[in-house]
Amino acid sequence: MISIYAGITALIGMFLIFAIGLFVLSRSSSDGDAGQVRHNVYRIRRYWMAGLVAVLVGVLAATLPRAPNLRAAEVHPQAVVKVTGQMWQWSFTPVSGARLAPDGTLVLPAGKPVEFLVTASDVNHGFGIYDSAGTMLTQVQAMPGYTNRLIYTFRKPGTYTVLCLEYCGVGHQVMTARMKVL
Ligand SMILES: [Cu+2]
């Protein structure tokens, strides 16, 4: 949806620039003196800059409150899981609201924000969560010495797969894990 809005905004912007260009062309004549033309251009430029600043400030004010990183601070996770990437496996340590099945599958609640605290113990890995259709839902880097917070709400119950998103050696492609959302 966001890309559609961006496309529409860009189209409207291009149309506006074209219309302003036509307007300026229609008002210009070849026999005007240069001083007068410069005066007109400077005057238009002042309005143009003021309008541009107003549009930019308006867009910022309208979209900044919806920035995902700002909204994440307001979300209160209902489940917390520590995730550690290590060549070439993922290990999960449920902190609250989640559990490990006997076969090692991470069991999470549906419809509630889940917080993953993601790190790595050797090299950089990428923690990517995919649904059963193979669509990536969210991801974050897993880095030694850092803990990245990833908050995600699983809308639908089902089986989800974790894949490593950063090449980390010969076993990279087998670095997968399974999560079940109930
Ligand atoms: Cu990896």
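Residues numbered from 1 in each chain as written. Predicted model: local features only at pLDDT ≥ 70, side-chain atom pairs only at ≥ 80, totals over all residues. Heavy atoms only, no water.

### Quick look at the sheet that holds strand 2 (residues 89–96)
As a general point, the strands of a sheet are linked pairwise by backbone hydrogen bonds and lie either parallel or antiparallel.
Link 1 in the chain: What the four strands build is an open sheet, ordered 2-1-5-8; its pairing is mixed. The open sheet has two edge strands, strand 2 and strand 8 (148–153), and neither has a second partner. Strand-to-strand, the axes of this sheet are offset by a mean angle of 25°, without reference to chain direction.
Link 2 in the chain: As paired strands, strand 1 (residues 79–86) and strand 2 are joined by seven bridges and run antiparallel to one another. Of the residues in strand 2, the one forming a bridge with Gln86 is Gln89. (Pairing = 2+ DSSP bridges. Helix = DSSP H or I, 4+ residues; strand = E, 2+ residues; numbered from the N terminus. Axes fitted to C-alpha atoms, helices over the stretch in contact; angles between N-to-C directions.)

### Remarks on the coordination of the copper ion
Link 1 in the chain: Distances from the copper ion to its protein donors, His125 (ND1), Cys164 (SG), Cys168 (SG) and Met175 (SD), fall within 2.0 to 2.7 Å.
Link 2 in the chain: Coordination geometry of the copper ion: the four donor atoms subtend angles of 86 to 130° at the metal centre, consistent with an arrangement described as tetrahedral.
Link 3 in the chain: Between consecutive donor residues of the copper ion, the sequence gaps follow H-x38-C-x3-C-x6-M. By the burial criterion, Cys168 is buried, and Met175 matches it. (Donors = N, O, S within 2.8 Å, 3.2 Å for Na, K, Ca; no water. Tetrahedral: all angles 85-135°; square planar, octahedral: opposite > 155°, others 65-115°. Buried < 20%, exposed > 50% of the residue type's maximum accessible area, 1.4 Å probe, protein only.)

### A short note on the sheet that holds strand 3 (residues 99–100)
Link 1 in the chain: Strand order across the open sheet formed by six strands is 3-4-10-9-6-7, with mixed pairing between neighbours. Edge strands, defined here as strands with exactly one partner in the open sheet, are strand 3 and strand 7 (136–142).
Link 2 in the chain: As paired elements, strand 6 (residues 125–130) and strand 7 share six bridges and run antiparallel to each other. Each residue of the ladder has a partner; that of Phe127, found in strand 7, is Val140.

### Thoughts on the domain arrangement of the protein chain
Link 1 in the chain: Entries for the protein chain in the domain assignment read domain 1 (2–69) and domain 2 (72–181).
Link 2 in the chain: Here the C-alpha centroids of domain 1 and domain 2 sit 45 Å apart. (Domains from an automatic or database assignment.)

### Some thoughts on the packing of aromatic side chains
Link 1 in the chain: All told, the structure shown has five aromatic pairs when counted by the stated rule.
Link 2 in the chain: With a centroid separation of 6.4 Å and 85° between ring planes, the pair formed by Phe116 and Phe154 is classed as edge-to-face. In this pair, Phe116 sits in strand 5 (residues 113–120) while Phe154 sits in the loop between strand 8 and strand 9 (158–164), placing the two residues 38 residues apart along the sequence. The same class applies to Phe116 and to Phe154, which are both buried.
Link 3 in the chain: Ring geometry for Tyr152 and Phe154: centres 5.0 Å apart, planes at 80°, overall edge-to-face.
Link 4 in the chain: Counting every residue linked through ring pairs, the aromatic cluster contains Trp90, Phe116, Phe127, Tyr152, Phe154 and Tyr160. (Phe/Tyr/Trp six-rings, centres within 6.5 Å; stacked < 30°, edge-to-face > 60°.)

### Comments concerning the pairing of strand 5
In regular strands, side chains alternate between the two faces of the sheet.
Link 1 in the chain: In terms of residue burial, strand 5 counts as a mostly covered element, since seven of its eight residues are buried.
Link 2 in the chain: Judged from the seven bridges that link them, strand 1 and strand 5 form a sheet pairing that is parallel. From the neighbouring strand, Val81 faces strand 5, where its bridge partner is Phe116.
Link 3 in the chain: Pairing of strand 5 with strand 8, which is carried by six bridges, proceeds in the antiparallel orientation. Its bridge partner being in strand 8, Phe116 is matched across the sheet by Leu150.

### Description of unusual backbone geometry
A negative phi holds for most residues other than glycine; trans holds for most peptide bonds.
Link 1 in the chain: The residue after Met87, namely Trp88, is reached through a cis peptide bond having omega -5°.
Link 2 in the chain: If you trace the backbone, Trp88 turns up in the loop between strand 1 and strand 2.

### Digging into the side chain of His125
Link 1 in the chain: Tracing the sequence through the fold places His125 in strand 6.
Link 2 in the chain: Its relative accessible area of 0% is what places His125 among the buried residues.
Link 3 in the chain: For His125, the side chain forms a polar contact with the side chain of Asp122, separated by 2.9 Å.
Link 4 in the chain: Residue contacts for His125: discarding those within four places in its chain leaves Gly85, Gln86, Met87, Trp90, Ala120, Gln141, Ala142, Cys164, Glu166, Cys168 and Met175. (Polar contact = N/O pair within 3.5 Å; in protein donor to acceptor, adjacent residues only side chain to side chain. Contact = heavy atoms within 4.5 Å.)

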